[in-house]
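# Per-entry structural report
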Number of protein chains: 2
Amino acid sequence: MAVKLNPHVSVDCVIFGFDGQSLKVLLIDRNLGLTPEKQTAPNSLKLPGSMVYDDEDVDTAAVRVLKELTGLENIYLQQLKVFGSPDRLSKKDDLDWLQKATRMTINRVVTVAYYALIKLHKAMPCEGKVIWQDTQNIPELAFDHRDIVIEGLTALRKEVQYEPLVFELLPKKFTIRQLQTLYEIIEGRKFDNRNFRKSISRWQYLQPIDEKEKNVAHKPAQFYRFDKRAYQRLKKEFFE
Amino acid sequence: MAVKLNPHVSVDCVIFGFDGQSLKVLLIDRNLGLTPEKQTAPNSLKLPGSMVYDDEDVDTAAVRVLKELTGLENIYLQQLKVFGSPDRLSKKDDLDWLQKATRMTINRVVTVAYYALIKLHKAMPCEGKVIWQDTQNIPELAFDHRDIVIEGLTALRKEVQYEPLVFELLPKKFTIRQLQTLYEIIEGRKFDNRNFRKSISRWQYLQPIDEKEKNVAHKPAQFYRFDKRAYQRLKKEFFE
DNA sequence: TCAAAAGTGTTTATCTTACACCCATGG
DNA sequence: CCATGGGTGTAAGATAAACACTTTTGA
């Protein structure tokens, strides 16, 4: 076999956000700002991503993509899966776009997919350039990015059972109702509010703060915060 | 930035086996069969792996490595994690070995790690060429392979909680005691035998067969088998 | 005073844990 | 007949699930 054995390596990020009503995923529209004749048809939406630079750690590349796009650092970020099929670039439009965008001759890209959780209200720097797509309804996307998003949703649904990931999606202060709604959306089922409150009342790292809702036409809700230090301490104790 | 952006991509497999007493991981000794002056010092042990061929799916490369090494197909195989630090090849011995083994000039390799579960008694084809290392005691290995093994153990311990992976490690017919021992080793804790039997008695996919132990100096144990079809049917029903 | 969401307890069923003895076999 | 591991049940505590009314606020 004549070997070249050097595919390009990229990272792609499935970035989740929660706006209070639904779970969203961040997509980039390749056509924004282009004249119609230059636009890519028909699947112009893609995940944010980048080639991995020479001498750059793969995980670091994912952090860089997040930073460049949202301006945020210290974001919850996990490797999801490698998508390494040789026919990932089989759609001609995608391949053309990639060659133009990178100004390189590219035959193959192996991508490392990540998923990230952000506090949506904080990520405003990227406003205008991006689309927050509802996860209930993911359209066809560029490359195999729709598969990647679905894989990300599956991973999130699994992990949320064992890790307090929801607090990465909620604002710093939040109500029990917001917390419950988020769990309901991610898990795709409803909870009894009393039983929900009972179960979370055992979470010592969930702490009421000295503040309530204002200007609401009903009994104002107590705000809570996630005490990350307490969580890490309790977790450590548990493993001893 | 002057970009080359084309690291080599490899796969490495953490292959677990269970011999009835302990959990083992398969390692390759690079020095076997070499004269002393040609040997790599001092960490000659490595994980089985390969470069990903041009036009070869990354997952397929992992399947190929398993097939070439053990002769086995249809092995339980999962992506574990990508190890993509640029200084993975920082040990000079490792880099030298790699250049010789591949006959290529290589600066960087991004590897996709997998973990696999095999029925140890079946994997005899690879006898002699490999070492089955006890997972209680993983020595320093080539590259970052020790980190990869530890990551594999962590993933196995987590997954075994939610998926019936143990049956991939046990022979086709096995006793409840073997099953319990395997869980105890993987999870690193002891179970009460009565409570263990009670909990697994609910597993409809665990079926007694018409055979018992022979030639044992005590009451012979009942053999059981894992009914994969039943498991998949029950799992499907559960999600509806 | 009404509408709207917040917050609160009890009962029942299920699951988990702790614990001790008889059974079948080979030597 | 003895040594060895196989196999069995019960009671107490913890957890999960079902279910309805009062409270506080703004309009």
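Per chain, residues are indexed from 1 in the order of the written sequence. Labels follow written order: the first chain is A, the first ligand is 1, and so on. Local features are withheld for residues below a pLDDT of 70 in this predicted model, meaning they are given only at 70 or higher, and side-chain atom pairs are given and counted only at 80 or more; totals for whole chains, interfaces and linings count all residues. Side-chain figures throughout are based on the complete set of non-hydrogen atoms in the structure, without hydrogens or water.

## Describing the overall build of chain A
- Within chain A, the regular secondary structure consists of seven helices and nine strands.
- With the principal axes as the frame, chain A shows a C-alpha extent of 65 × 50 × 30 Å.
- Only protein chains enter the accessibility calculation, which uses a 1.4 Å probe. A residue is then buried if its area is under 20% of the maximum for its type, exposed if over 50%, and partly exposed in between. Split into buried and exposed, the 240 residues of chain A put 48% on the buried side.
- For chain A, contacts bridging at least 24 residues in sequence account for 68% of all contacts bridging at least 6.
- Counting every atom, chain A has about 13100 Å² of accessible surface; 49% of that belongs to carbon and sulfur. Per the convention used, a helix needs a DSSP run of H or I reaching at least four residues, while a strand needs a run of E reaching at least two, with both numbered from the N terminus. Contacts: residue pairs with any heavy atoms within 4.5 Å of one another. Only the protein chains shown count as covering a residue, and every accessible area follows the Shrake-Rupley method with a 1.4 Å probe.

## What about the protein's contact with DNA strand C?
- Near DNA strand C you find 22 residues, and of these A:Arg194, A:Lys198, A:Gln222, B:Val216 and B:Lys219 are the closest.
- A distance of 3.3 Å separates a phosphate oxygen of DNA strand C from a polar side-chain atom of A:Arg177.
- Definition of a polar contact: a pair of N or O atoms within 3.5 Å, with one able to donate and the other able to accept a hydrogen when the atoms are protein atoms, and with sequence-neighbouring residues admitted only if both atoms are side-chain atoms. Between DNA strand C and A:Lys198, the relevant distance is 2.8 Å, taken from a base oxygen to a side-chain nitrogen or oxygen of the residue.
- At the level of secondary structure, the elements contributing two or more residues to the surface near DNA strand C comprise helix 6 (193-200) of chain A together with helix 6 (193-200) of chain B.
- Take the surface near DNA strand C: its biggest share by element is five residues, from helix 6 of chain A.
- Grouping the amino acids of the surface near DNA strand C by side-chain chemistry returns six nonpolar, six polar and 10 charged. Near residues are defined by distance, with any heavy atom within 4 Å of the molecule or strand qualifying the residue. Under the convention adopted here, Pro, Cys and the residues Ala, Val, Leu, Ile, Met, Phe, Trp and Tyr are nonpolar, Asp, Glu, Lys and Arg are charged, and Gly plus all remaining residues are polar.

## Considerations on the nonpolar core
- One finds A:Val11, A:Ile15, A:Val112, B:Val11, B:Ile15, B:Val112 and B:Tyr114 to be the most contacted residues of the largest nonpolar core, which totals 43 residues.
- Residue assignment for this core shows that the elements contributing at least two residues are strand 1 (8-18), helix 1 (58-70) and strand 6 (109-117) of chain A together with strand 1 (8-18), helix 1 (58-70), strand 5 (76-83) and strand 6 (109-117) of chain B.
- In contact with B:Val112, other than residues within four places in its own chain, are A:Val82, B:Val9, B:Ser10, B:Val11, B:Asp12, B:Val58, B:Gln79, B:Lys81 and B:Val82. Residues belong to one nonpolar core when they are buried, are Ala, Val, Leu, Ile, Met, Phe, Trp, Tyr or Cys, and are joined through side-chain atoms within 4.5 Å.

## Focus: the pattern of salt bridges
Residue and element names in this part refer to chain A.
- Here, a salt bridge means any side-chain nitrogen of Lys or Arg that lies within 4 Å of a carboxyl oxygen of Asp or Glu. Enumeration over the complete set of coordinates arrives at 33 salt bridges over all chains.
- With its nearest N and O atoms 3.8 Å apart, the salt bridge here joins aspartate 19 to lysine 24.
- Note on aspartate 19: relative accessible area 35%, which makes it partly exposed.
- Exposure remark for lysine 24: the relative accessible area of 16% places this residue in the buried category.

## Digging into the interface of chain B and chain A
- On the chain A side, the residues contacting the 30 residues of chain B number 30 residues.
- Here chain B and chain A share two salt bridges between them.
- In this structure, B:Lys158 and A:Glu159 form a salt bridge, with 3.2 Å as the shortest nitrogen-oxygen distance.
- In this structure, the connection of chain B to chain A is made through 12 residue pairs in polar contact (both at pLDDT 80 or more).
- Counting only elements with at least two residues in the side of chain B that touches chain A, the list comes to strand 1, strand 5, strand 6 and helix 3 (145-159) of chain B.
- Top element by residues in the side of chain B that touches chain A is strand 5 of chain B. It accounts for three residues.
- The residue makeup of the side of chain B that touches chain A, split by class, is 16 nonpolar, five polar and nine charged.

## Concerning the relation of the copies chain B and chain A
- C-alpha atoms of residues with pLDDT of at least 70 in both copies form the basis for the least-squares superposition of the copies. At an RMSD of 0.0 Å, chain B and chain A line up after a rotation of 180° and a shift of 0.0 Å along the axis. What the superposition gives is, in effect, a two-fold axis relating one chain to the other. No C-alpha of chain B approaches the rotation axis more nearly than that of B:Asn6, which lies at 2.8 Å.
- Both copies contact each other with a shared surface, as 100% of the interface residues of chain B are interface residues in chain A too.

## Brief notes about the protein's contact with DNA strand D
- Around DNA strand D, a shell composed of 21 residues is seen, among which A:Lys219, B:Arg194, B:Lys198, B:His218 and B:Gln222 lie nearest.
- Taken together, the sugar and phosphate atoms account for 40% of what DNA strand D places within 4 Å of the protein.
- At 3.0 Å from a phosphate oxygen of DNA strand D is found a side-chain nitrogen or oxygen belonging to B:Arg197.
- A distance of 2.8 Å separates a phosphate oxygen of DNA strand D from a polar backbone atom of B:Gln222.

## A word on the packing of helix 5 (residues 176-187) of chain B against helix 6 of chain B
Residues and elements named next belong to chain B.
- The interhelical angle for the contact between helix 5 and helix 6, taken along N-to-C directions, is 100°, at an axis separation of 11 Å. Here helix 6 runs roughly perpendicular to helix 5, going by the angle between their axes. Along the contact surface, helix 5 presents Ile176, Arg177, Leu179, Gln180 and Tyr183, while helix 6 presents Asn193, Phe196, Arg197 and Ile200.
- When its residues are assigned to classes, the contact of helix 5 with helix 6 shows five nonpolar, two polar and two charged. Angles here are taken between N-to-C directions and fall from 0 to 180 degrees, while the axes themselves are lines fitted to C-alpha atoms, restricted in helices to the stretch in contact. For classification purposes, angles smaller than 35 degrees are called roughly parallel, those larger than 145 roughly antiparallel, those between 65 and 115 roughly perpendicular, and all remaining angles oblique.

## Some words on helix 3 (residues 145-159) of chain A
All names here are of chain A.
- Given the number of residues in a helix, its expected span is that number minus one, multiplied by 1.5 Å. Over its 15 residues, helix 3 extends 21 Å from the first C-alpha to the last, a length consistent with the 21 Å expected when each residue adds 1.5 Å.
- Of the residues making up helix 3, those classed as buried are His145, Ile148, Val149, Gly152, Leu153, Ala155, Leu156 and Glu159. Viewed along the axis of helix 3, the buried residues span an arc of 165°, placing them on a single side of the element. Relevant arc is that of directions from the helix axis to the C-beta atoms, nothing else.

## A look at the side chain of B:Glu187
- By the secondary structure assignment, B:Glu187 is in helix 5.
- With residues up to four places along the chain from it excluded, the contact list for B:Glu187 reads B:Val160 and B:Gln161.

## Here's the deal with the domain arrangement of chain A
Residue and element names in this part refer to chain A.
- Partitioning chain A into domains gives domain 1 (8-159) and domain 2 (173-238).
- Here the C-alpha centre of domain 2 lies 30 Å away from the C-alpha centre of domain 1.
- Across the contact, seven residues belong to domain 1 and five residues belong to domain 2.
- Throughout, buried area stands for the accessible area (probe radius 1.4 Å) lost by two parts on being put together, summed over both. Of all residues in domain 1, Phe18, Leu23 and Arg157 bury the most surface against domain 2, accounting for 68% of the area lost on that side.
- Run the count over domain 1 and domain 2 and you get zero salt bridges.
- Here the side of domain 1 that touches domain 2 is composed, by residue class, of three nonpolar, three polar and one charged. What marks off one domain from the next here is an automatic or database domain assignment.

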